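Residue-level structure breakdown
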Amino acid sequence: MQVGRYRFWGALVLLGCAAAAGCAGNGQGLDQNGQPISSGGTTGGTTNGPVTADFQSIQANVFTPICSVCHIGASAPEGLQLDAAHSYNLLVGVPSNEQPNLLRVKAGDPDNSYMVRKIEGPNFGISGMQMPLGEKPLSQATINAIRQWVTNGAPNAPAAAAAAGQMFAVQTTAPLDQATVKAPLARILVTFTQDVDASLVNDTTVALERIDPTSTATGSAQNMSAAARLAPGNPAVLMITPSAQLGPGVYRVMVRGAGGGALANMNATPLGANTSFEFTVEPAQ
Amino acid sequence: MIGRYSQFTLRGLLFVLCFAAYGVRAEPYLAVQLGLKCGQCHVNPTGGGLRTTFGDIFAQTVLPAQHLDTPLDNWTGQLGQYLRAGGDLRFDASLTQAPNTRSVDQFASEQTRVYMEADLIPNRLLAYADEQIAPGGALNREAYLLYWSATHDWYLKAGQMYLPFGLRLQDQSAFILTATGINMTTPDSGVEFGWEHGHWDAQLAVSNGTAGGAVNSNGKQTSTQLIYVESVWRAGVAANFNAQSGGAKSAYGIFGGLRTGPISWLAQAEITNDQSIPNGQGNKQLATLLEANWLIARGNNLKITQEFLNPNRAVRGAEETRWSLVYELTPIQFAQIRTGFRWNDGIPQNDAQHQRLYFVELHGFF
């Protein structure tokens, strides 16, 4: 009887606590990250006052409202997606497509960061046009804030803190899965939600092959010689550089995330499953 | 505004009602069930990792539904006069679903960990290591020297260690563990002073504040907690302050445990304030947990958990919840089968916040 009474009261208390424990939010007026749409928060689409020398401010005031109008999705120019989910890992430590000898953002060195040159203008040794394309150039105050952020080492502390609580997974790829890009393609990027253990990046964990989409035979794939390494200063980005630029064809990248020696984060947590994505390189016009 | 404060007040009142009426105290459910401190069953005074001889015997004779007799003595982890060992292995099959997302079902080795203790000076000085050997490469979780006073009323620990902050749950994805960032995946290097006196337990740790990573500033992380432990209840408070160059992060929590007949309750509520996030966005959080563990029969435990997370206390309508129902069967010594599901709910526009996880886990331990 005593035990039965305890169970009754225990269940009653549990039900009471659970009933009043709160419900999920309705999300009204918020973006998909739970930030107010009108505030231009970390992912918002509107500006939020003067740009400060931190990545979140730059994202909210420059990349999201201005750059990601074009630089988004599978057809993002140069594979550079500048929405909040992708921009950092596709910028910091990643070689530029237009001038591969320069990193898009070289932490601590704004003068040799190609992204900075692209927003500063044609007098700074860029290929192609000044950014933002077809828009008025960014204000000098905004450029100064971006330069200062790069000078400070291009940190992204809040994202790093958030990453600690995230599952280790592939965040995005460039080119995206099933995307079509113009030849030649010099580099493939795979970005992750957390930093990758560089000692596990090798031929057994990362492979690039050319496939024949018309054939179902297993032997129809041809291994491609490529070098895989992590981006300097941004170990959440895996760069795959083919020995020769990829010509027209269909290609597949495979990342082994399971089994012995699988690709893992710095806490030795592997991806848990193999990942692959395919893309098509079509002849240049 | 009023609604939010009312909700918070109500939550606080419920917390008090749930525990203060009986008194209070905290720790994962076995400690609450037994009315013991964590250090009774674990070498680490704050819990987790290698079991003590008492913990080993309990795990083989009391925890399982049936104890299979063997010609051997019970395992006590003793490898020699000075060395003791233990381990945990978790392997699971899971199915993860989320709206507009392809379901993922997989087998996975979640974790294999081995523990070693060297009693350098019996009962006074020990060296301890907790190594994760799978999946992936070996990874050190804890490695420290622990010095006990002659009367075991205080100790000093130095090395890499888990930090003291509230309930040390097994589920590392619990909101209360991810909100603070203090969990068993983020050990830190530093020193810890512990004080144990009668019903009281207290710890104060000072560490690098980089979760074991490279030091990038002179700022340090301070973690402290104070717990009062009675036989059927326990209550505690915890605080953490991490002064890093990008901005300080602070966390404050209250936690407790209560045994009502066959049901052991756990609860924790905490607020965090992360100043390293600029523009005041997403920097103040509230996370709570309420868990009931119903010991249906020996070796059979039903766990129901309700969690709540307000990821930004300055924004209304972004709250997340998670319910878990887990059945834990320990049929024989050294082996446990856990099966259950976790049901997430969040804002409609974020599919990931509506994840459903179904799993079956085999847990081997010694």
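What you are looking at is a predicted structure, and each value in this text was computed from that prediction instead of being measured.

1. Points about the overall build of chain A
A tally of regular secondary structure across chain A gives 6 helices and 9 strands. Across the 285 residues that make up chain A, the buried fraction comes to 46%. Excluding contacts between residues fewer than 6 apart, the proportion of contacts in chain A whose partners are at least 24 apart in sequence is 57%. Total accessible area on chain A stands at roughly 13300 Å², and carbon and sulfur atoms take up 56% of it.

2. Overview of the side chain of Thr46(B)
Residues and elements named next belong to chain B. With respect to the helices, strands and loops of the structure, Thr-46 is situated in the loop between helix H3 (38-41) and helix H4 (53-61). Looking at Thr-46, its side chain comes within polar contact range of the side chain of Asn-44, at 2.9 Å. Among the polar contacts listed, one links the side chain of Thr-46 to the side chain of Arg-168, at a separation of 2.9 Å. Every residue in contact with Thr-46, bar those within four places of it in the chain, is listed here: Cys-38, Tyr-155, Lys-157, Pro-164, Arg-168, Glu-192, Gln-203 and Gln-225.

3. Notes on the packing of aromatic side chains
Per the stated rule, a full pass over the model turns up 16 aromatic pairs over all chains. With a centroid separation of 6.4 Å and 65° between ring planes, the pair formed by Tyr88(A) and Trp149(A) is classed as edge-to-face. Separated by 61 residues along the polypeptide, Tyr88(A) in helix H3 (residues 87-91) and Trp149(A) in helix H5 (residues 140-151) bring together distant segments of the chain. Each member of the pair, Tyr88(A) together with Trp149(A), is buried. Site record: aromatic cluster; members linked through ring pairs are Phe55(A), Phe63(A), Tyr88(A) and Trp149(A). Its guanidinium or amino end placed over the ring of Phe175(B), Arg322(B) lies 6.0 Å from that ring's centre, counting from NZ or CZ.

4. Describing the sheet that holds strand S6 (residues 226-231) of chain A
All names here are of chain A. The 4 strands are arranged S1-S3-S7-S6 in an open sheet whose pairing can be described as antiparallel. Looking at the sheet topology across the chains shown, the edges are occupied by strand S1 (170-174) and S6. Each neighbouring strand pair of the sheet contributes to a mean axis angle of 20°, computed without reference to strand direction. Of the strand pairs in this sheet, S6 and strand S7 (residues 234-242) are connected by 6 bridges, and their pairing is antiparallel. Bridge pairing links Ala-227 to Thr-241 in S7.

5. Some words on the sheet that holds strand S8 (residues 249-255) of chain A
Residue and element names in this part refer to chain A. Across the sheet, 5 strands lie side by side as S2-S9-S8-S4-S5; this open sheet has mixed pairing. Lying at the two open borders of the sheet, with one neighbouring strand each, are strand S2 (179-182) and strand S5 (222-223). Judged from the 4 bridges that link them, S2 and strand S9 (residues 275-282) form a sheet pairing that is parallel. Bridge pairing links Ala-179 to Phe-279 in S9.

6. Points about the pattern of salt bridges
Proximity of charged atoms lets side chains of opposite charge pair with each other. With the rule as written, the count across this model stands at 19 salt bridges over all chains. Between Asp111(A) and Arg147(A) there is a salt bridge whose closest N-O contact spans 2.4 Å. Within this pair, whereas Asp111(A) is found in the loop between H3 and helix H4 (114-120), its partner Arg147(A) is found in helix H5, the two being separated by 36 residues in sequence. Classification of Asp111(A) by relative accessible area gives partly exposed; the value is 46%. Glu361(B) is the partner of Arg338(B) in a salt bridge, and the nearest nitrogen-oxygen pair spans 3.2 Å. On the criterion of sequence distance, the pair formed by Arg338(B) in strand S15 (residues 335-345) and Glu361(B) in strand S16 (residues 356-365) is long-range, its members being 23 residues apart. Residues Arg338(B) and Glu361(B) agree in their burial class; the two are buried.

7. Comments concerning the side chain of Arg187(A)
Assignment of secondary structure puts Arg187(A) in the loop between S2 and strand S3 (188-192). Once you skip the residues sitting within four places of it in the chain, Arg187(A) turns out to touch Pro95(A), Ser96(A), Asn97(A), Pro100(A), Ala174(A), Met239(A), Ile240(A), Thr241(A) and Pro242(A).

8. Focus: the confidence of the model for chain B
Detailed reading of the predicted model is not advised wherever pLDDT is low. With 86% of its residues at a pLDDT of at least 70, chain B reaches an overall mean of 85. Reported confidences for the modelled complex are a pTM of 0.62 and an ipTM of 0.72.

9. Brief notes about H5(A)
Residue and element names in this part refer to chain A. For H5, with 12 residues, the first-to-last C-alpha span of 16 Å sits near the 16 Å given by 1.5 Å per residue. Those residues of H5 not exposed but buried are Thr-142, Ile-143, Ala-145, Ile-146, Trp-149 and Val-150. The buried residues of H5 occupy one face: seen down the axis, they fall within an arc of 160°. Of the surrounding elements, those touching the buried residues of H5 are helix H2 (55-63), H3 and H4. Immediately downstream of H5, the backbone of Gly-153 shows phi near 105°, a positive value.

Scoring rules and cut-offs
Residues numbered from 1 in each chain as written. Chains lettered and ligands numbered in written order. Predicted model: local features only at pLDDT ≥ 70, side-chain atom pairs only at ≥ 80, totals over all residues. Heavy atoms only, no water. Helix = DSSP H or I, 4+ residues; strand = E, 2+ residues; numbered from the N terminus. Buried < 20%, exposed > 50% of the residue type's maximum accessible area, 1.4 Å probe, protein only. Contact = heavy atoms within 4.5 Å. Areas by Shrake-Rupley, 256 points an atom, 1.4 Å probe, with all protein chains shown as cover. Polar contact = N/O pair within 3.5 Å; in protein donor to acceptor, adjacent residues only side chain to side chain. Phe/Tyr/Trp six-rings, centres within 6.5 Å; stacked < 30°, edge-to-face > 60°. Lys NZ or Arg CZ within 6 Å of the ring centre and 35° of its normal. Pairing = 2+ DSSP bridges. Axes fitted to C-alpha atoms, helices over the stretch in contact; angles between N-to-C directions. Salt bridge = Lys/Arg side-chain N within 4 Å of Asp/Glu carboxyl O. pLDDT = per-residue confidence, 0-100. Expected span 1.5 Å × (residues − 1). Arc of directions from axis to C-beta.

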